[in-house]
Amino acid sequence: MEKLDGKALSQEWRGGLKTRVEQWVAKGGPVPCLAVVLVGDDPASQVYVSHKIKACAQAGIRSIEERLPGSVTQDELLAKVNNLNRDPEVNGILVQLPLPSHIDEAAVVDQIDPLKDADGLCTENLGLLAAGRMRVAPCTPHGVIHLLKKHQIEMAGANAVVVGRSQIVGKPMALLLLQENATVTICHSKTKNLGQHLAQADIVVVAAGRPEFLGAGDFPKNCVIVDVGIHRKDNGKLCGDVRFAEVAETARAVSPVPGGVGPMTIAMLLENTMQLTMLQNPGVTP
Ligand code: NAD
């Protein structure tokens, strides 16, 4: 079994990006700047945000952290996003999800200027992706594509099954695999016979958000499995949606949790920030 090592690829990517940022700045480009908005005190979100801020610093990207209380109103949050939209020093904006239940998440994401949408999640950027004219892609599924490419997994013509249809992972994942010429099936909580679909798969991307719910018996032999899920078990250890030890015996390649998709998500966030900075400064030649 080949391990789809997202940690290694993320480090390589971020190293390359650091060099590109230096070259960009040497040519007169502004130091890219990412603003991260964190609402409330969800411990997991705080950890994710601190990783993102640290990764920015390592790549030579400036970051601004905006913390707002969980009691913030929709209007206050929209006003904060508007201020960042107008701030000429800010190139990328990320609002850490999930937001408290009294906030309309989609409205907040769509308030972000599409040219500053570092997560690639606003309607305009998802629409461009669907139209085959990608500007910036959502970080997690884009990271999966790069991980598969790095390991020379042939996507063209492959039967790819995506388990999950969320706006953040499943849907854009399917679009990106389609763009790579895979034959794509999307399964979700109402899919009648998941096993039947999985049996035909060459590549499966699992993003169901259910701890270790799939094992060796669910996948055909020599399948490539990308596990997007991330959960903390009672013993404090992390696990994915897939029982890694089981599938390690039968799969052709598997992404581990941790060390698979998670680190790639951060690398793609930095990459998107750089791409948006370049789009906003067409006069600077990289
Ligand atoms: P979500 O809850 O929004 O969506 C889950 C999807 O899975 C839904 O579309 C649902 O229909 C489908 N589903 C649920 N049970 C199913 C079943 N039994 N069979 C088939 N489909 C089923 O979750 P999400 O935001 O897409 O995240 C999915 C997982 O990925 C979570 O564990 C999340 O923590 C993780 N995640 C990881 C990263 C990362 O960077 N590693 C990023 C985003 C999400």
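In this numbering scheme, every chain counts its residues from 1 along its sequence in written order. This being a predicted model, a pLDDT of at least 70 is required before a residue's local features are given, and a value of 80 or more before pairs of side-chain atoms are given or counted; all residues contribute to the totals for chains, interfaces and linings. The basis for every side-chain value is the complete set of heavy atoms in the structure, and neither hydrogens nor water enter the calculation.

Some details on the environment of Arg67
- Only DSSP runs of H or I with at least four residues qualify as helices, and only runs of E with at least two residues qualify as strands; both kinds are numbered from the N terminus onward. Structurally, the position occupied by Arg67 is in strand 3 (residues 62-68).
- Residues Arg67 and Gly15, 52 residues apart in the sequence, show an inter-C-alpha distance of 28 Å.
- Not counting residues within four places of it along the chain, the set of residues in contact with Arg67 comprises Leu38 and Gln46. Here, two residues are considered to be in contact whenever any of their heavy atoms come within 4.5 Å of each other.

What to know about the pattern of salt bridges
- Counted as salt bridges are all cases of a side-chain nitrogen of Lys or Arg within 4 Å of a carboxyl oxygen of Asp or Glu. One pass over the full model with this rule turns up ten salt bridges.
- Note that Glu89 and Arg62 form a salt bridge whose closest N and O atoms lie 2.8 Å from each other. Note that Glu89 is positioned in the loop between helix 3 (74-86) and strand 4 (92-95) and Arg62 in strand 3, a separation of 27 residues in sequence.
- Under the scheme applied here, a residue whose accessible area is under 20% of the maximum for its type counts as buried, over 50% as exposed, and between as partly exposed, the area being computed with a 1.4 Å probe on protein chains only. For Arg62, a relative accessible area of 35% corresponds to the partly exposed category.
- As a salt-bridge pair, Arg243 and Glu246 come within 2.9 Å of each other at their nearest N and O atoms.
- Overall, Arg243 belongs to the partly exposed group, its relative accessible area being 30%.

Concerning the site of the ligand
- Here, proximity means that at least one heavy atom of the residue falls within 4 Å of the molecule or strand. Close to the ligand lie 19 residues, the nearest being Arg165, Ser166, Ser189, Arg210 and Thr265.
- Any pair of nitrogen or oxygen atoms within 3.5 Å is treated as a polar contact; in protein, a donor-acceptor pairing is required on top of that, and neighbouring residues in sequence qualify only through side-chain atoms on both sides. Within the backbone of His188, an N or O atom sits 3.4 Å from a nitrogen atom of the ligand.
- With respect to the ligand, the backbone of Ile230 contributes an N or O atom lying 3.3 Å from an oxygen atom.
- For the ligand, the accessible surface in isolation is 860 Å², of which the surrounding protein chains cover 72%. Exposure was quantified through the Shrake-Rupley algorithm and a 1.4 Å probe, taking into account, for residues, occlusion by the shown protein chains and nothing else.

Section: the packing of helix 6 (residues 139-150) against helix 10 (residues 261-280)
- All axes here are fitted lines through C-alpha atoms, helices being fitted over the stretch that makes contact, and every angle between N-to-C directions spans 0 to 180 degrees. Two elements in contact, helix 6 and helix 10, have axes whose closest approach is 8 Å; the angle formed by their N-to-C orientations is 110 degrees. On the basis of the axis angle, helix 6 is roughly perpendicular to helix 10. Residues Cys139, Thr140, His142, Gly143, Val144, His146 and Leu147 of helix 6 form the contact with helix 10, whose own contacting residues are Val261, Met264, Thr265, Met268, Leu269 and Asn272.
- Amino acid classes used here: Ala, Val, Leu, Ile, Met, Phe, Trp, Tyr, Cys and Pro are nonpolar; Asp, Glu, Lys and Arg are charged; the rest, including Gly, are polar. Of the residues contributing to the contact of helix 6 with helix 10, the split by class is seven nonpolar, six polar and no charged. With respect to orientation, any angle under 35 degrees is reported as roughly parallel, any angle over 145 as roughly antiparallel, any angle of 65 to 115 as roughly perpendicular, and every other angle as oblique.

Description of the sheet that holds strand 3
- One open sheet holds the three strands; their spatial order is 3-2-4, and the pairing between them is parallel. Looking along the sheet, the strands with just one partner apiece sit at the ends: strand 3 and strand 4. When strand polarity is set aside, the average angle formed by the axes of neighbouring strands in this sheet is 15 degrees.
- Bridge analysis of strand 2 (residues 33-39) against strand 3 gives seven bridges, and the strand direction is parallel. Looking at the pairing, Cys33 lines up with Arg62 of strand 3.
- Lying on the sheet, helix 2 (residues 43-59) is in contact with strand 2, strand 3 and strand 4; it crosses strand 2 at an angle near 170 degrees. Two strands pair if DSSP finds at least two bridges between them.

Regarding unusual backbone geometry
- Residue Leu97 is joined to Pro98 through a cis peptide bond whose omega torsion reads 0 degrees.
- Position of Pro98 among the secondary structure elements: in the loop between strand 4 and helix 4 (105-111).
- Cis rather than trans, the peptide bond between Val257 and Pro258 has omega equal to 0 degrees.
- Within the fold, Pro258 resides in the loop between strand 11 (253-254) and helix 10.
- Of note in this structure, Glu212 is not a glycine but carries a positive phi near 50 degrees.
- Mapped onto the fold, Glu212 is located in the loop between strand 7 (203-206) and strand 8 (224-227).
- With a phi angle near 65 degrees, Asn222 is a residue other than glycine that sits in the positive phi range.
- With respect to the secondary-structure elements, Asn222 resides in the loop between strand 7 and strand 8.

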